[in-house]
Number of protein chains: 4
Amino acid sequence: MERDDVTPIGIAVIGAGYWGPNLVRNAQATPGLNLRYLCDLDVERARRVLGEYSTVAVSGSLDDVLADPEVHAVAIATPAATHLPVAMAALEAGKHVLVEKPLAANFADGRKLVDAAESRGLTLMLDHTFCYTPAVSHLRELVRGGELGEIQYIDSVRINLGLVQPDVDVLWDLAPHDLSIFEAILPDDVRPVEVSAHGSDPIGAGHACVAHLTMRLSNGSITHVHVNWLSPTKIRTMVIGGSARTVVWDDLNPTQRLSVYDRGVDREREHKIISYRTGDMVAPALPEREALRGVMAEFAASITEGRPPLTDGRAGLRVLAILEAASESLANGGAFVPVQQVDGPTSSGGGTS
Amino acid sequence: MERDDVTPIGIAVIGAGYWGPNLVRNAQATPGLNLRYLCDLDVERARRVLGEYSTVAVSGSLDDVLADPEVHAVAIATPAATHLPVAMAALEAGKHVLVEKPLAANFADGRKLVDAAESRGLTLMLDHTFCYTPAVSHLRELVRGGELGEIQYIDSVRINLGLVQPDVDVLWDLAPHDLSIFEAILPDDVRPVEVSAHGSDPIGAGHACVAHLTMRLSNGSITHVHVNWLSPTKIRTMVIGGSARTVVWDDLNPTQRLSVYDRGVDREREHKIISYRTGDMVAPALPEREALRGVMAEFAASITEGRPPLTDGRAGLRVLAILEAASESLANGGAFVPVQQVDGPTSSGGGTS
Amino acid sequence: MERDDVTPIGIAVIGAGYWGPNLVRNAQATPGLNLRYLCDLDVERARRVLGEYSTVAVSGSLDDVLADPEVHAVAIATPAATHLPVAMAALEAGKHVLVEKPLAANFADGRKLVDAAESRGLTLMLDHTFCYTPAVSHLRELVRGGELGEIQYIDSVRINLGLVQPDVDVLWDLAPHDLSIFEAILPDDVRPVEVSAHGSDPIGAGHACVAHLTMRLSNGSITHVHVNWLSPTKIRTMVIGGSARTVVWDDLNPTQRLSVYDRGVDREREHKIISYRTGDMVAPALPEREALRGVMAEFAASITEGRPPLTDGRAGLRVLAILEAASESLANGGAFVPVQQVDGPTSSGGGTS
Amino acid sequence: MERDDVTPIGIAVIGAGYWGPNLVRNAQATPGLNLRYLCDLDVERARRVLGEYSTVAVSGSLDDVLADPEVHAVAIATPAATHLPVAMAALEAGKHVLVEKPLAANFADGRKLVDAAESRGLTLMLDHTFCYTPAVSHLRELVRGGELGEIQYIDSVRINLGLVQPDVDVLWDLAPHDLSIFEAILPDDVRPVEVSAHGSDPIGAGHACVAHLTMRLSNGSITHVHVNWLSPTKIRTMVIGGSARTVVWDDLNPTQRLSVYDRGVDREREHKIISYRTGDMVAPALPEREALRGVMAEFAASITEGRPPLTDGRAGLRVLAILEAASESLANGGAFVPVQQVDGPTSSGGGTS
C-alpha cells in the first residue's frame, strides 16, 4: 500500500446507484487518480454503469476491493445507514475515504469515523459537492474576506419536485447541502448555536416532506432554510445579508448566479438615524467547471499533501450535529435545541478557488 | 344623513400620508362615491396631496368632517395606533368605515370596533387591498372551488428593501398582507390554529426586521411566511400546494402572475406507492385592473346593499388574532401559540371576480 | 402673452384620447406650469378625463384656446395626421408647442413646423417620452461618454400584443420610440445613413403588423429594430454592443433595467489574434421617476431658459427622415434607401440626468 | 459487410475535435450501435478524448477504418470543408453516413453526397441535433398538427458570446440550427421562397459576426433569424406566430421551454373587425432527454429499417440552399435571392416523438 507521489492513487468507487456514476466519471478524469474498481453488491448494475467499453474492474465484494494493495482510497456512494460499516472497514484497511453526505446516520457514528481516520492519519473527506462550485468559492471569499460586512441574516430555499426518500426526511436529504455551504463560507467565529425546525408530511410519507429550519448563529443573526420535496418548481436561492453588501445566489441562473448588491439599510446607532443604500449591483464573472471534478482534485491533493481537505470529517460532523438538533426540535414542536459543538478549526483547507 | 340609492355616498378620506393619496384618487374614480373631504391634522399636506386643481375640500378637523351630514362614510389611512379612536368616532357618528390594515393596534381594540359597527348596522371594512387583485380572486376560486384538491402547504415570501417602520415590527407591517390573503382564499373549514414566529433585528431597529412565521392550519398543513425589510431584491411569491394541483403566484411577473401546475407527488395510502405527476402548466389569463378600485367598489356596494363586504371587520379581527399570537411566540423563542378564534362566517361577501 | 419668469407658464392640452390624460396629470404636477384647458372636439370626453373634481376648463374650440393670452404653450396629443394644422395654428398664435411623436405625417410637413418654430423663436419639442427615462439618460452617458467604446451594433426588440392601428403601420407606430432613443444616445458623428425594411401583414390589416428595420450607421455598424403587434408576449429589450462594454437594456425588468457587461470579443488587428473578455457585469442603480414628468419639466425649462429642448423639432425631423426611408424600402422589397440628413447639432439640450 | 438485424451496427466516429466526444459518448450509449473506432489525424487527441479506461480503438487513418468490414457506418465531425471527401469516401466504401451540419461547404457538393447515398441505398443523415430535442418534437406536432393555425411569422434569436470561426461567417455557423428546425417543423406546403440577409463585421474578423436573415415563405409570411457572436448574453428564443395559437420557445428556460399562448389578433375579413384573444397560456410538460441520443437512435433505426431518417440528406440540402442564397444576398446589400428548391418529401421520417 506504499505510494510515492508520482504513482497515481488507486481508487475504488463503492456503490453504483444514483451518484456512483458521477464519481466514476470524475475519478476517471482526474489526474493523479487511477480508478481500479466499481464495487456494488449488484454486479450487473455496476457493469451497466461502466458500459461495454470500459477497462475498469467490477466487483461485488467490498472485502476483495479493500484487500487489493493497489487500492489506496475509496469513494463511498452507498445509503447513509451503511456509511459507518463501509467507511470504517475502509479506514481499518488503511484506505483514505471520500464519503457522500451525510457522513453517517447519526452524530455518534460520525464521531467514530472521524476518530478512526484521525488516529490513523488517513484522509476522511465529505463529498460536499456544492462547496466546490465556483459560486461557493466566490461566496466564501466574499463572506470570510469581509466584503459583505457583518452577516445579518441568511435565507436559503431548496425546493423542487424531489424524490421522496423512503428512509430519511426532507431535512436529512436536502438540508445537508445548505448546512455544508454555511460551514464552508462562514467565518470561524460565527457558529450555529441552536436550531428550531418545523415540518409537515401532507402526503403521508411517514416523515416530513416540507420543512423549515431556523438557526441562531453565535453573532445573533438568524439563518433560515426551506426544503421541500413537493414543489412543482425548482428553486435554489440563497440570500446572505451583510451590513455592507448583500449577495443573492441563484444557482439556476447560469449567466448570473451571484449578484452582489450595494443596497441595504444602515442605522447610525447613536442618533438612531436610519438610512438606505441604493447602489449598483455587480455580478462577478465565474468560471465554468464541474464541482465534482474539484471534489476529486481536492481528495487527491489532500492525500498527496497529507493535509485535511476543505470538507473534512469534522465539517461533516458539524453538519450532523445540526441535523440531529433539528430532528429533536422537529419532534418537540419546533423548540430551539442547542447544537453540539465540534472543536477544531473549520475549513482550513485551501483549494477552493 | 339619509341617503337613497341614487344619491352618491358622500365620503371623506382621513389621513394624507403614504396611502391617503391612493384612496383619494380611487374614491374620485368610483361611481357611487362622492369625495367631499381630505382630512389631515397637517392641512398643508392634505392640500399638497389634492394639488392646485381640485374641488375637494380640505379639513384639519375630524369632528367637523364627522359632523357633516353629507358625509356618509370615511376611509381611514392614519397610523394603526389611531385606528381605534378615529374609527370609533366615525362609527359613533353613524358613518360607514373603511380602514387600513391592521384593523387596530391589538385584538381587544379591534373587537370593540367590530362590535360597535355590528350593533349599529354599519359597514366596517378592511382595506385588504391584495384581496381585490385579479390574482387573489382567481386563487380564491381555485382553492375554494376545489381545483387544487386538499391544501398541503402554503409558502409566502414578501421581502424587499422596505421602510423600517418606527412603531411596528416587520411582522405587523408586512404579514397582514399574507394573512388577509389566506383569510380570503382558504375554505371556511381550514383555519389557522397555532402560530410560531422567529425574528431578528440585525440593524438595531428595536424590533424584528426579518421574521419567519409558521402557522399550523386546522387540516394539519403548514403555512409559512417570510417577511423581510432588509433584502436588496424584491420578492412577492406564494406557493399553494394542493393534492391535485399546485399554484405559484409571482406578483412581480405581470405577464404570468399565476402558474397552475399539474405536478406533484401522490401516495396511494394502502400500498404506500409513491408516484409523480408531471403534467402541463397553465397560466390563466387575468384581467388588468387596479385593486384599490375594487376595494372602493366593494365598499360602496356593501353600503348600498346593506351586506358585509368581502373583507369585513371579522376578517380584520382574524388577522389581528394571528398577529397577536405571532408576537407572543416571538417573545417566547418561537413556541407555538394558539390563535384566538373569531366566530362567524368568513369571506361571505361576493364581488371578487 | 408677455410672461416673466416667476409667472407659471399657462398651458393647454389638446386631445383627450389615449395619451392626453397622462399629459393632463403630469402638467398639473409640474412646477412652473399652470394647466388652463383640456381641449377636445369631443367635450364630453374631455370632461370625463378631468373627472368631477377638477378646476381645469374644458374647451371644444382650439381657436378659443389659442386666443387666450394666458395660454403660453400647448401640448398636442391628437392623431399624427392633424399635427401639422394644430401645431402650425399654435405656433402662428405664438404658443410654444410640445407634440406627440411623430412630429408630423411626413418629412415635408415636419420641416414646415420646424421652420415655423425657429423663425418665431418658439420652442418646438417632441414628446419622445423614453428619452426622459432614467435608463435612457444613463445609456446616453454610457454611449456618448465613451464607456462602451466604439458602437459595434444595436439590436432593439419592441414587440407585444398591441393595438393594430387603423391609419399607420407598425413601423410608424412603434419604431419612433427606438429611433428617438438612438437619436438621443448616439454621438453626433454616428448618424443613420441608410435603411432597409421588411414587413408583413399576416392578418390582413392593410399594412405591416410585423416589421424589421435594418439601419446602417455612418461608422459602418448595423442597427436592427424588430417591431411587432402580434406577439403574445411583451419584449422591450435593446442591446448596444461596444468595443469596450456592451449594455443590455430590459425595460420590463424594473430591478435591473440596465446590465453593463465587460464581455466581448477583441481582435488585435495586426496579428489577427482574437481574444475574449469575460469580466463582471454591473447593473447601475437608477432612480425611479416618471418619464413624462421629465418631459414636462424639460418643456418648461426650455421655454423659461429660451434654449432648445433635448428632443427638439430637429430630433423629431430626423426620426421622420428614417421613417420615410423605411416606408420607401418596405415598398421596394427591402432595398436600402438613403436617409435624408437634417443639419444642426443633435441633443444639445441638457436636463436628462 | 453483411449485417443481420441482431448484430449491432459497427460504427466509427471521424473527428475528435469539439463535437466528436459527444458523438463518442452517445454512440457508446445507444443500443444497436457498436463503437469500434475514434479516428483523427491527430491520434493523440483521439486518445485523450477516449481517456485511459476505454476499449475503443484509435486510428489515424480513415482508409484503414473504412477498410474494416466490421464498420458499417461512420459519424463525421470534421470541418465542413472536408465533408465532401470524407463522406464520399465512406459512401463509396458502402458505409452509412451521419454528418455534422452543414452537409457540405456548398450546395453542389451536398448534391453529390445526396446522389451518392441515394444511388447506393445508403443512409445519409444530418446531425441536426436540435430536431431531436423534446421541444422541437413538440413544436413539430403543434405546427404540422394544425394547433397553431396558419403560420403568420417566425422570429428566432440565437445570440451569445460565441467562438468567432476562422473559416465561416456567423450565418453559416449558427443559422443552420434555425434553418434545420424550420425544415423539421413546417408543413410540406410551406417552403422558403426567397432570402435577404444583412450582416456586419465590427471586429474585423473578415466576415459577418452579426447577421439578420429574413426569409419569405411560400404562404407569404416572414421568418426572421438573428445570429450574433458578439452578444454578452445568451439568447435562444423562437416565436412561432399562428392564426390560432402562438408558441414561444425559450431553450434556456428548462422548466418552461415552450409556452403556447391563446393570445393574438383576429380580423374578420368581411367587415374588417379586429378583435383580440387574451386566453390562457399552456406550458406543455416535456420529457428530459439528450437530443444527441435521439440522433444516434434515429441513425441506427433508419439503417436497420432501411428508411430515410427524419433529417436526411435532402433536409441537409435544403438548408444549404438557403445558406447559399443568404450569402449571395449578403454580398448584394440585402436584396432578396430566390432559394433553390429540392424536390422530394420532407421530414417523412418518424422517430421524433
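All residue numbers refer to position in the chain's written sequence, counted from 1. Here the convention is simple: chains get letters from A, ligands get numbers from 1, in the order in which they are written. In keeping with the predicted nature of the model, local features appear solely for residues at pLDDT of at least 70, side-chain atom pairs appear and are counted solely at 80 or more, and the whole-chain, interface and lining totals rest on all residues. Heavy atoms throughout the structure, all of them, feed into the side-chain values; hydrogens and water do not.

As annotated in an unreviewed UniProt entry, chain A is Putative dehydrogenase from Umezawaea tangerina. Entered under Sequence similarities (unreviewed entry) in the UniProt record, the comment concerning chain A runs "Belongs to the Gfo/Idh/MocA family." UniProt positions are given in the numbering used here, feature names are shortened, and annotations may be inferred rather than shown by experiment.

We now examine the nonpolar core. Ranked by size, the top nonpolar core spans 173 residues in total, and within it B:Leu103, B:Ile240, D:Leu103 and D:Ile240 carry the most contacts. Setting aside residues no more than four positions away along its own chain, B:Leu103 makes contact with B:His83, B:Gly110, B:Leu113, B:Val114, B:Leu124, B:Leu126, B:Gly313, B:Gly316, B:Leu317 and B:Leu320. Here, nonpolar core means buried Ala, Val, Leu, Ile, Met, Phe, Trp, Tyr and Cys residues that are tied together by side-chain atoms lying within 4.5 Å of each other. Here's how the labels work: a residue is buried when its accessible area is under 20% of the maximum for its type, exposed when over 50%, partly exposed in between, all with a 1.4 Å probe on protein chains only. Counting 172 residues, the second largest nonpolar core, distinct from the first, contains A:Leu171, A:Leu317, C:Ile14 and C:Val99. It only takes one pair of heavy atoms within 4.5 Å for two residues to be counted as in contact.

A few words now on the relation of the copies chain B and chain A. A least-squares fit on C-alpha atoms brings the copies together, and the residues used are those whose pLDDT is at least 70 in both copies. Overlay of chain B on chain A (RMSD 0.0 Å): rotation 180°, translation along the axis 0.0 Å. Between the two chains, the operation in question is that of a two-fold axis. Within chain B, the C-alpha atom positioned nearest to the axis of rotation is that of B:Ala335, 3.0 Å from it. Of the residues that chain B buries at the interface, 100% are likewise interface residues in chain A, meaning the two copies contact each other through the same surface.

As a further point, take the packing of aromatic side chains. Side-chain rings of Phe, Tyr and Trp (the six-membered ring for Trp) are treated as a pair once their centres are within 6.5 Å; stacked means planes under 30 degrees apart, edge-to-face means over 60, and tilted covers the remaining angles. Applying the stated criterion to the full structure yields 8 aromatic pairs over all chains. When the ring of A:Phe130 is compared with that of A:Trp249, the centres are 6.2 Å apart and the planes differ by 75°; the resulting orientation is edge-to-face. Residue A:Phe130 is located in the loop between β6 (124-127) and α6 (134-144), and its partner A:Trp249 is located in strand β12 (residues 246-250); the two are separated by 119 residues in the primary sequence. Accessibility expressed as a relative area gives 3% for A:Trp249, which makes it buried. A ring pair is formed by C:Tyr18 and C:Trp19, whose centres lie 6.2 Å apart and whose planes are at 35°; its orientation type is tilted. Look at C:Trp19 and you get partly exposed, because its relative accessible area is 24%. The criterion is that NZ of a Lys, or CZ of an Arg, lies within 6 Å of the ring centre and within 35 degrees of the ring normal, and then a charge sits over that ring. Sitting over the face of the ring of C:Phe130, C:Arg158 holds its NZ or CZ atom 4.7 Å from the ring centroid. Runs of E in the DSSP output that reach at least two residues are strands. Runs of H or I that reach at least four are helices, and both are numbered from the N terminus.

The sites that carry the UniProt feature "domain: Gfo/Idh/MocA-like oxidoreductase N-terminal" (unreviewed entry) are, in the present numbering, residues 10-128 of chain A. Taken end to end, residues 10-128 of chain A is 40% helix and 24% strand, and its two terminal C-alpha atoms sit 22 Å from one another.

This part is about the environment of C:Glu100. Residues and elements named next belong to chain C. Note on placement: Glu100 falls in strand β5 (residues 96-100). The class of Glu100 is buried, set by a relative accessible area of 11%. For the pair Glu100 and Ala77, spaced 23 residues apart in sequence, the C-alpha to C-alpha distance is 5.5 Å. What Glu100 contacts, discounting residues up to four positions off in sequence, is Trp19, Leu23, Ile76, Ala77, His83, Leu126 and Asp127. Pairs of N or O atoms are called polar contacts if they sit within 3.5 Å, as long as, within protein, a hydrogen donor faces a hydrogen acceptor (for residues adjacent in sequence, only side-chain-to-side-chain pairs). In this structure the side chain of Glu100 is engaged in a polar contact, spanning 3.3 Å, whose partner is the side chain of Trp19.

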